[in-house]
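Coordinates in review
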Amino acid sequence: MGELDIVLITKMIIIGLVQGFTEPIPVSSSGHVMIVSEILGLGEQGFTFAILTNTASLFSILYIYRQDIVRLATNSIRYLITKNRSYKSDFRFVCFIVIGTIPAGVLGIFLNDYIAENVSMTTIAVMLFITGFALWLIRNIKGVKDERDITMKDAFIVGLSQAVALTPGISRSGATVISAIAIGMKQDTALRFSFMLYIPVSIGGVILGFSDFLNEPNKIDLAIPYLAAFIATLLMTYFAMKWFMGIMKNGKLVYFTYYCFIVGTLLLVFF
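Residues numbered from 1 in each chain as written. Predicted model: local features only at pLDDT ≥ 70, side-chain atom pairs only at ≥ 80, totals over all residues. Heavy atoms only, no water.

**Some points on the packing of aromatic side chains**
- As enumerated under the stated definition, the model contains eleven aromatic pairs in all.
- An angle of 25° between the planes, with centres 5.7 Å apart, marks the rings of Phe-21 and Trp-243 as stacked. Linking Phe-21 in helix 1 (residues 3-22) with Trp-243 in helix 10 (residues 223-249), this pair joins segments that are 222 residues apart in sequence.
- The class for Trp-243 is partly exposed, based on a relative accessible area of 41%.
- Taken together through their ring pairs, the aromatic side chains of Phe-21, Trp-243, Phe-244 and Phe-256 make up a single cluster. (Phe/Tyr/Trp six-rings, centres within 6.5 Å; stacked < 30°, edge-to-face > 60°. Helix = DSSP H or I, 4+ residues; strand = E, 2+ residues; numbered from the N terminus. Buried < 20%, exposed > 50% of the residue type's maximum accessible area, 1.4 Å probe, protein only.)

As structure tokens, this is what we get:
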């Protein structure tokens with residue numbers, strides 16, 4: 001393996017770590033990957049790389065929420081078969097996940113290419129300021145709604161916020177958590193609903209992009225760097241998600257406000 005390959009692998013690992021660390025937290029993973037790619041001189045990584053790292057993040061989130069996923073799926077099937085009311089709340093929660101997924105799914109199909117081609121560092125900076133300001137606004141809100149209290153309207157509002165987060169610089173987790181807390185959800189409920197929404201959208205993105213991945217002309221040459229990035233993303237997403245869950249539990253979301261403002265300012269000054 002040549003020196004150039006080692007350098008490329010190192011850079012891919014760095015980007016994978018950035019993707020993994022920023023995917024769960026409210027600072028925009030896509031925006032940060034674009035920033036770091038620019039700093040490392042790699043330019044835009046392309047759709048194949050994005051699918052690869054997003055899949056790694058998805059696997060980590062699926063693992064963390066595996067018990068919730070199994071419970072929701074099992075109890076929903078039980079409700080459909082038996083109509084037992086003890087399973088109804090989990091069935092309703094799954095229905096609300098479906099409802100909340102629709103806006104991002106529709107907009108992603110029609111606007112994803114346009115958004116990706118019309119994003120600059122200035123755009124990312126502005127979006128980070130918006131994210132930071134929104135985090136500041138909800139810093140003292142203490143919600144009371146748990147999973148049983150979510151309504152169809154709540155699900156759709158949070159789903160719309162996930163659709164807005166298709167723009168790099170607007171954090172998906174940030175937008176969904178912020179909107180969920182703003183409409184009265186408890187922080188742990190907001191976090192769980194946010195990442196339950198992430199799962200189907202992410203799976204849809206992987207399915208839609210799988211043919212592009214198969215047709216990628218350089219995937220064999222880049223197999224080792226891509227694998228290194230995948231593993232880095234997989235592991236970092238797991239640890240970042242666990243860390244973020246602790247942040248949410250302690251009600252310290254406001255810290256990310258300062259981070260978004262600092263990074264947004266640096267982007268405006270140096271890019």
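Here the narrative resumes, following the displayed structure.
**Details of unusual backbone geometry**
- Of note in this structure, Ser-28 is not a glycine but carries a positive phi near 75°.
- Along the chain, Ser-28 turns up in the loop between helix 1 and helix 2 (29-39).
- Using a relative accessible area of 2% as the deciding quantity, one classes Ser-28 as buried.
- Positive phi values are uncommon outside glycine, yet Lys-83 reaches one of about 60°.

**Here's the deal with the confidence of the model for the protein**
- Across the protein, the average pLDDT comes to 87, with 89% of residues at or above 70.
- When pLDDT is averaged over each helix and strand of the protein, the minimum, 80, is found for helix 5 (residues 88-117) and the maximum, 95, for helix 4 (residues 66-82). (pLDDT = per-residue confidence, 0-100.)

**Re the nonpolar core**
- Core analysis: the largest hydrophobic core is formed by 44 residues, its most contacted members being Phe-193, Phe-244 and Leu-253.
- Going through the elements one at a time, helix 3 (47-64), helix 5, helix 6 (121-137), helix 7 (152-164), helix 8 (172-182), helix 9 (187-214), helix 10 and helix 11 (255-270) are the ones with two or more residues in this core.
- Element by element, the count of residues in this core is highest for helix 9, at eight residues.
- Once residues lying within four places of it in the same chain are set aside, the contact partners of Phe-244 are Pro-24, Ile-25, Pro-26, Leu-191, Phe-195, Leu-253 and Phe-256.
- Among the nonpolar cores identified, the runner-up in size contains 13 residues, and Val-18, Val-33, Leu-40 and Phe-230 belong to it. (Core = buried A, V, L, I, M, F, W, Y, C linked by side-chain atoms within 4.5 Å. Contact = heavy atoms within 4.5 Å.)

**Focus: the environment of Gly-105**
- Relative to the helices and strands, Gly-105 is located in helix 5.
- Sequence-wise, Gly-105 and Gln-162 are 57 residues apart; in three dimensions their C-alpha atoms are separated by 9.5 Å.

**Overview of the packing of helix 2 against helix 6**
- At a closest axis distance of 10 Å, the pairing of helix 2 and helix 6 adopts a crossing angle of 140°. Here helix 2 lies oblique to helix 6, going by the angle between them. Crossing angle aside, the handedness with which helix 2 passes helix 6 is left-handed. Across from Gly-31, His-32, Met-34, Ile-35 and Glu-38 in helix 2, the residues of helix 6 making contact are Met-121, Ile-124 and Leu-128. (Axes fitted to C-alpha atoms, helices over the stretch in contact; angles between N-to-C directions. Parallel < 35°, antiparallel > 145°, perpendicular 65-115°, else oblique. Left-handed = near helix turned anticlockwise from the far one by under 90°.)

**Quick notes on the pattern of salt bridges**
- Inspection of every chain in the model, using the stated rule, returns six salt bridges.
- The residue Arg-71 makes a salt bridge to Asp-68 at a minimum N-O spacing of 2.9 Å. Of this pair, Arg-71 and Asp-68 are both found in helix 4, three residues apart, which corresponds to roughly one turn of the helix.
- Judged by its relative accessible area of 29%, Arg-71 falls in the partly exposed class.
- Given the relative accessible area of 18%, Asp-68 is considered buried. (Salt bridge = Lys/Arg side-chain N within 4 Å of Asp/Glu carboxyl O.)

**With respect to the environment of Val-126**
- Of note, Val-126 is situated in helix 6.
- The spacing of Val-126 and Ile-170 is 44 residues in sequence and 9.0 Å in space, taken between C-alpha atoms.

**A few points about helix 4**
- Between its first and last C-alpha atoms helix 4 spans 24 Å; for 17 residues at 1.5 Å apiece the expected length is 24 Å, and the two agree.
- Burial in helix 4 covers these residues: Asp-68, Leu-72, Asn-75, Ser-76 and Tyr-79. All buried residues of helix 4 lie within an arc of 105° about the axis, which places them on one face of the element. Along helix 4, exposed side chains directed more than 90 degrees from the buried face belong to Gln-67, Val-70, Ile-77 and Ile-81.
- Where helix 4 ends, the next residue or the one after it, Lys-83, has phi of about 60°, a positive value. (Expected span 1.5 Å × (residues − 1). Arc of directions from axis to C-beta.)

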